[in-house]
Each structure stands twice: as structure tokens, then as C-alpha cells.
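Now for the letters of each chain:
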Amino acid sequence: MSASPKRIELPALFCSADRAEHGLSRYQLTRSRGATRIHRGVYEDAGRTRVVIAPRWADPTWIEVQQRLAALQTVRPDAVGSHTTAALLLGLPTPYRADALLHVTVPFGTRPVRRPGVVGHASRHLDPRGHCGVRINRGDLVIHELAGHLRIGDLIAVFDALLGTWQDTPDLTAEELRDLLTGRAHYRGRRAALEALTRARAGVRSPGETRTRLAIVAAGLPEPEVAPAVRLPSLPTAIHPDMAYVGPRIAIEYEGPQHRLDESQWDRDIERYGALVRHGWIVIRTTRRTSAARFCREIREALELRAVPV
């Protein structure tokens, strides 16, 4: 949990059997008057609220998933948030949308959840933990679940997050992450997870940086260093470009949306880029909307300009 969580007020949840306590008749439930159905037999009461202590970075997708999982757990308390559902709530950069299927796991031998919009699993590897008002699987077990569920690029982004500073994820060393992945002899995706570990890097600050680095390597270009320390005579301390080829003095910066929204961040970026350029660096900037072909072409041209074989 973040050191500075925030309070979020969400509509209260109730089961259809408790409608009278919420001042609603069966007719009003069926006509969605005064209540909104989240799952079969579970509703939101727009006139009442519940408070969730959420991470400071919780966005609308996080809030929607938390509400849907909390609603399901009112009727299936044995259903534990797992896979990408748990990963999103933990702050891991998984490809999850608010309207995506909810993943929950029950103990092996228990009737799996079968509901619209929900993917039910059963597992012997389940250790429920309370997290922001819902129950999700233990963090290391979630990583094992993701290994058999995500594509290799998405798995690398998760590992970059665990090795870097993304959200409030724990800062693990590569050795600790390897121990986590090898500590269990058999699980789906184990081989893919170990391959992803060899391609994960420490110091990554956003999933966009991961996607950029993987696109560079996929284009046949040398892999840049991640957040290397660059010392410039005009600055009192070292700066850390997102990625760089330090020898030929080429920096690659991924501009996430927070760079535009945070004026202080934007000012620091401008100062850093200016200092790099003044000292003979080439700075290549990219965003989520920049095509991989475009920024890889710019990188290739910069490397050729600096006489680096590609």
C-alpha cells in the first residue's frame, strides 16, 4: 500500500435478499430503480456509500475492478481475486481494462465461479490476503498465475515493474525475483517466466519504457542501457535518461501522460533535455502514440551518425 493512500467513496453493495434494508421492493430491483445490478443478485445502492482506502495512484479502472470484485465476494466470499484482476489491484502493469473479464480463484475441489463477465479458476495454490477492501491471492502466487496467462512482452513489463519503481510494487532484486520464480517446481508458464526474467531490467519507471525497449531490440538495434547515470559539467548531479547509448551520447526518453500534466516534471524534463543537447547528446523522444517504426528509424539514423554499427 502507498505511504499516502486516499479515501474513495463508492456506492454501497447489497444482495437482493437484503433489498428491504435498502428500502427497495422486488419490483424496484427488477426495474433498476434506486439500484444498479453489478452481478446476478448483487446491486449498488446509489443512496448509500462505502469507503475504500485505495492507493494514491488508483484510477477509474482500478476503482471499477475493485467494485466488481467486492460485489462478487458478497455472494461468493470464497472467490479470491487472482491473475490480472489481482495484478491490477496490486499496481502491476498488466493489459487490463475495466470492462475485461474478472478473474477469481476458489480452493481446489470447490465449485468454480460461473457467471457472466467472470473467469473462474480452482487451485491448490491459494492464500487469500485482504487488500483495499477485497480479498486477493498472495503476491508471489499472483506472479505464478500471470506466468501462464500473459504474453511474453506483458510478462517482461510485470518483471520490469517488480525490479523498478513502478507504482507501489515491491522493489525486488533480480536474484529475489529468480528465487520467486524457481521456488515452485511446477506451474504453467514457468519456462516463459524464466525467459522473461532474462529480458527484464532494473530501473524501469513505466510500462511505456518497457514497450519502447522491447521494440528497439525487436527492430534489431542494440539494446540501450536503462536509466544510466550521466554526468554533465553544467549540472550539479547526475541525470538518468530513460534509456541511452552512453558511448555515442544518444538518449531515448519515453514521455508518458504524467509528463504533460505535472508542470514540475515538465520543467525538469526541459532542463534535462537542454543540458544533454548542449553537451552534444542526441535526444530522441517518444510517446505511446509514436509508431515503433518511426522512433526505431530515428535511433538507427542517430547510431549511424555516431558511426555505431547496426
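Residues numbered from 1 in each chain as written. Predicted model: local features only at pLDDT ≥ 70, side-chain atom pairs only at ≥ 80, totals over all residues. Heavy atoms only, no water.

1. Observations regarding the overall build of the protein
Stated precisely, the cut-off is as follows: Where helices and strands are cited, they refer to DSSP runs of H or I of at least four residues and of E of at least two residues respectively, numbered from the N terminus. Whether a residue is buried, partly exposed or exposed follows from its accessible area with a 1.4 Å probe, protein chains only, as a fraction of its type maximum: under 20%, in between, or over 50%, in that order. All accessible-area figures derive from a Shrake-Rupley calculation using a 1.4 Å probe, and residue coverage is judged against the displayed protein chains alone. Only four residue types enter the tally: Lys and Arg on the positive side, Asp and Glu on the negative side; His and the chain ends are excluded. By convention, charge coordinates are those of NZ in Lys, CZ in Arg, CG in Asp, or CD in Glu.
For the protein, the helix and strand inventory stands at 11 helices and 12 strands. The principal-axis extents of the C-alpha atoms in the protein amount to approximately 75 × 45 × 35 Å. Here the protein, with 310 residues, has 47% of them falling under the buried criterion. On the protein, roughly 15900 Å² of surface is accessible, and the fraction owed to carbon and sulfur atoms is 51%. Of the side chains in the protein, 45 bear a positive and 34 a negative charge, and the two mean positions are spaced by 7 Å.

2. Quick look at the pattern of salt bridges
Going by this rule: Here, a salt bridge means any Lys or Arg side-chain nitrogen found within 4 Å of an Asp or Glu carboxyl oxygen.
Counted according to the given criterion, the structure contains 16 salt bridges. Taking the shortest distance from any N to any O, the salt bridge between arginine 76 and aspartate 78 comes out at 2.9 Å. Judged by its relative accessible area of 9%, arginine 76 falls in the buried class. According to the relative accessible area criterion, aspartate 78 is partly exposed, its value standing at 25%. The residue arginine 205 makes a salt bridge to glutamate 209 at a minimum N-O spacing of 3.9 Å. By relative accessible area, which is 33% here, arginine 205 ends up partly exposed. Counted as one network, the salt bridges with shared partners bring together Asp127, Arg129, Arg138 and Asp140.

3. Brief notes about the packing of helix α4 (residues 139-147) against helix α5 (residues 152-163)
Where we set the bar: Inter-axis angles, ranging from 0 to 180 degrees, are taken between N-to-C directions of lines fitted to C-alpha atoms, where helices are fitted over the stretch in contact. Here the word oblique covers every angle except those under 35 degrees (roughly parallel), over 145 (roughly antiparallel) and from 65 to 115 (roughly perpendicular). Put simply, a crossing is left-handed when the front helix is turned counterclockwise from the back one by less than a right angle, and right-handed when it is turned clockwise. Any two residues whose heavy atoms approach within 4.5 Å at even a single point are treated as in contact. For this scheme, ten residues count as nonpolar: Ala, Val, Leu, Ile, Met, Phe, Trp, Tyr, Cys and Pro. Four count as charged, namely Asp, Glu, Lys and Arg, and the remainder, Gly too, count as polar.
In contact at an axis separation of 10 Å, α4 and α5 are set at 155 degrees when each is read in the N-to-C sense. Considering their axes alone, α4 and α5 lie roughly antiparallel with respect to each other. With respect to the hand of their crossing, α4 and α5 are arranged in left-handed fashion. For the pair α4 and α5, contact is made by Ile143, Leu146 and Ala147 and by Leu155, Val158, Phe159 and Leu162, respectively. Looking at the contact of α4 with α5 residue by residue, the class counts come to seven nonpolar, no polar and no charged.

4. Regarding the side chain of threonine 290
Our working definition: Distance and chemistry together define a polar contact, namely a pair of N or O atoms within 3.5 Å, with one atom able to donate a hydrogen and the other to accept it when in protein, and with adjacent residues in sequence counting only for side-chain atoms on both sides.
Within the secondary structure layout, threonine 290 lies in the loop between β12 (282-286) and α11 (292-305). Here threonine 287 takes part through its backbone nitrogen, which lies 3.0 Å from a polar atom of the side chain of threonine 290.

5. Here's the deal with the sheet that holds strand β2 (residues 35-39)
Just so we agree on the cut-off: Here, a strand pair is defined by DSSP locating no fewer than two bridges between the strands.
Reading across the sheet, the three strands line up as β1-β3-β2 and stay open at both edges, with antiparallel pairing between neighbours. Of all strands in the sheet, those with a lone pairing partner are β1 (6-15) and β2, marking the two edges. Neighbour to neighbour, the strand axes of the sheet diverge by 50 degrees on average, direction disregarded. As defined by bridge partners, β2 adjoins strand β3 (residues 42-54) across four bridges and the pair is classed as antiparallel. In the sheet register, alanine 35 faces β3, and the bridge partner there is aspartate 45.

6. Structural notes on the nonpolar core
What counts is decided by this rule: Buried residues of nine kinds, namely Ala, Val, Leu, Ile, Met, Phe, Trp, Tyr and Cys, make up a nonpolar core once their side-chain atoms join them within 4.5 Å.
Ranked by internal contacts, the top residues of the largest apolar core, which has 51 residues, are Trp62, Ile143, Leu146, Phe159 and Leu181. With seven residues, the single largest contributor to this core is α5. Setting aside chain neighbours within four positions, we find leucine 146 in contact with His83, Thr84, Ala87, Leu92, Thr94, Leu155 and Val158. Counting 14 residues, the second largest nonpolar core, distinct from the first, contains Leu221, Met243, Tyr245 and Phe295.

7. A closer look at the sheet that holds strand β10 (residues 243-245)
What the four strands build is an open sheet, ordered β9-β10-β11-β12; its pairing is mixed. Each end of this open sheet is capped by a strand with a single partner; those strands are β9 (225-226) and β12. Judged from the three bridges that link them, β10 and strand β11 (residues 250-254) form a sheet pairing that is antiparallel. Within β11, the residue paired with methionine 243 across the bridge is isoleucine 252. Across the sheet, helix α10 (residues 263-278) lies against β11 and β12, angled at about 145 degrees from β12, the strand it touches most. The strands touched by α11 are β10, β11 and β12; relative to β12, the strand with the most contacts, the crossing angle is about 170 degrees.

8. What to know about the packing of aromatic side chains
Here is the rule we go by: Between the rings of Phe, Tyr and Trp (Trp by its six-membered ring), a pair exists once the centres lie within 6.5 Å; its type follows the angle of the planes, with under 30 degrees stacked, over 60 edge-to-face, and the other angles tilted. Any Lys NZ or Arg CZ that is within 6 Å of a ring centre and within 35 degrees of that ring's normal is treated as a charge sitting over the ring.
Taken as a whole and assessed by the stated rule, the structure comprises one aromatic pair. Between the aromatic rings of phenylalanine 14 and tyrosine 43, the centroid separation amounts to 5.8 Å while the plane-to-plane angle is 25 degrees, which identifies the pairing as stacked. One end of the pair, phenylalanine 14, is in strand β1; the other, tyrosine 43, is in strand β3, with 29 residues separating them in the sequence. Tyrosine 43 matches phenylalanine 14 in its accessibility class, with the two residues each being buried. Here the basic side chain of arginine 124 rests over the ring of phenylalanine 108, its NZ or CZ set 3.9 Å away from the ring centre.

Such coordinate-based values are descriptive only and should not be taken to indicate function.
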